[in-house]
Amino acid sequence: MAISGVFLSVLSGSKVIDPAARRAALASPEKAALRRCEVYRKSFPMTEIALPAYALRNLTVAKWARDQRLAIDLRTGQELAVAIAAGIHPARMTVHADGMTDSELRATANLEPGRLVVSSMSQIDLLATAVGRTLGVFVSVIDVNAPVLTVAGTKKCGFRFDSIELDRAVETVLAARRLNLIGLHCDVGSEENDFVSYPAAIGHMITEMTQIRRRDGVVLTRLGLGGGRAVPSGDWAIELPELACQIDESLDDACATLRYPRPLVVLSPGLAIVEHDAA
């Protein structure tokens, strides 16, 4: 009778080493990065994964991302060029406006990417006048305890949860003919503007989505999660299933409590998915 590695580790007290991660460590760097992406994707079957554009520099990962039709996170004009060179269709691109100049953002918007993540009123105003067709928009939300940001570009931007600024941003996007508000995005991590945990972030986001539905009659269907904690620092074989379970349970609880239809989670693991070992 087979006994799982997790159960044996409990009996012996030893650390579980994911066989897939071990094989990845022994493989070429290109194949190791691909294996990490595959393991990560399989750990979140009910979640959309958005790979960082940097991962597309690995031709093996780029082909896999195209074949799997994964979403790709873009943060600069240079990353846009990488995604285009890798053959990623614009509909699969999630563009974070923070790292782009106004001219880059206009040019990117004209490619009609699948989603844009906005975190300032100037970005919203620019996109409202720069695009020719309707674009899907996420509004970036930061922790309610984050300090007020006064100098653009010095820290992570975004609209504080439960603030007049966030209400104004949502109403401006909804009023723009060419912008379609489809969701909210936040980061979970250790930086000062991040939410401290997935349950806290998800609870706040679903609360805000419920308020938007009540006030504006719009149901948002996407919930974006990024930040440093999307990739665990320990054993992926144990920590990734735990993370997936934590996200699913937090979402189920929040949606049930507030009677909100469950949105699709878009998880952005960031560069750590290809740069760090899986175990």
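Just above sits the structure.
Predicted model, so just to flag it, every value in this text is computed and none were measured.

K.L.:
An account of the pairing of strand S1 (residues 48-52) is requested, with residue identities and associated values reported.
P.N.:
The two faces of the sheet receive side chains in turn, since in a regular strand these alternate between them. Across the five residues that make up S1, a large majority, five, are buried. Residues Glu48, Ala50 and Pro52 point to one face of S1 and Ile49 and Leu51 to the other, with burial holding for every one of them. Where S1 lies against strand S9 (residues 264-267), two bridges are found, and the strand directions are parallel. Bridging from a neighbouring strand, Ile49 pairs with Leu267 of S9. For S1 and strand S2 (residues 71-74), the ladder comprises three bridges, and the chain directions are parallel. Paired with Pro52 across the bridge in S2 is Asp73.

K.L.:
So what about the side chain of Ser119? Which residues, and what values?
P.N.:
Locating Ser119 in the fold gives a position in the loop between strand S4 (115-118) and helix H7 (121-130). A distance of 2.5 Å separates polar atoms of two side chains, one belonging to Ser119 and the other to Asp98. Beyond its immediate chain neighbours, meaning those up to four positions away, Ser119 contacts Asp98, Ser140, Cys157, Gly158 and Phe159.

K.L.:
Go over the pattern of salt bridges, please, and point to the residues and values.
P.N.:
Tallied over the full model, the rule gives 10 salt bridges. The shortest N-O distance in the salt bridge between Arg35 and Glu38 comes to 3.4 Å. Here Glu38 and Arg35 lie together in helix H3 (residues 29-43), a separation of three residues that amounts to about one turn. Judged by its relative accessible area of 22%, Arg35 falls in the partly exposed class. With a closest N to O distance of 2.9 Å, Asp248 and Arg262 form a salt bridge. Residue Asp248 is found in helix H10 (residues 236-258), and its partner Arg262 is found in the loop between H10 and S9; the two are separated by 14 residues along the sequence. Taking the relative accessible area as the measure of exposure, Asp248 reaches 25% and is therefore partly exposed. Bridged by salt links that share partners, the residues Asp167, Glu171, Arg215 and Asp216 form one connected network.

K.L.:
Go over the packing of aromatic side chains, please, and point to the residues and values.
P.N.:
A full pass over the atoms with the stated rule returns two aromatic pairs. Among the aromatic side chains, those forming a connected cluster through ring pairs are Tyr40, Phe44 and Trp236.

K.L.:
How would you explain the nonpolar core if you had to name every residue and give the values?
P.N.:
In terms of nonpolar packing, the biggest core is built from 80 residues, with Tyr40, Leu51 and Leu225 touching the most fellow members. Considering every element that reaches this core, the biggest residue donor is H10, with eight residues. Residue contacts for Leu225: discarding those within four places in its chain leaves His185, Cys186, Val188, Tyr198, Ala201, Ile202, Ile247, Val265, Val266, Leu267 and Ser268. Ala50, Val117, Phe138 and Val266 belong to the second-largest nonpolar core, a separate cluster that totals six residues.

K.L.:
Can you explain the side chain of Glu48? Please cite residues and give values.
P.N.:
Mapping Glu48 onto the fold places it in strand S1. Overall, the relative accessible area of 15% leaves Glu48 in the buried class. Within the structure, Glu48 has its side chain in polar contact with the side chain of Arg115 (distance 3.0 Å). With near-sequence residues (within four places) excluded, Glu48 lies in contact with Ala71, Arg92, Arg115, Leu264, Val265, Val266 and Leu267.

Reading the values: rules and limits
- Residues numbered from 1 in each chain as written.
- Predicted model: local features only at pLDDT ≥ 70, side-chain atom pairs only at ≥ 80, totals over all residues.
- Heavy atoms only, no water.
- Buried < 20%, exposed > 50% of the residue type's maximum accessible area, 1.4 Å probe, protein only.
- Helix = DSSP H or I, 4+ residues; strand = E, 2+ residues; numbered from the N terminus.
- Pairing = 2+ DSSP bridges.
- Polar contact = N/O pair within 3.5 Å; in protein donor to acceptor, adjacent residues only side chain to side chain.
- Contact = heavy atoms within 4.5 Å.
- Salt bridge = Lys/Arg side-chain N within 4 Å of Asp/Glu carboxyl O.
- Phe/Tyr/Trp six-rings, centres within 6.5 Å; stacked < 30°, edge-to-face > 60°.
- Core = buried A, V, L, I, M, F, W, Y, C linked by side-chain atoms within 4.5 Å.

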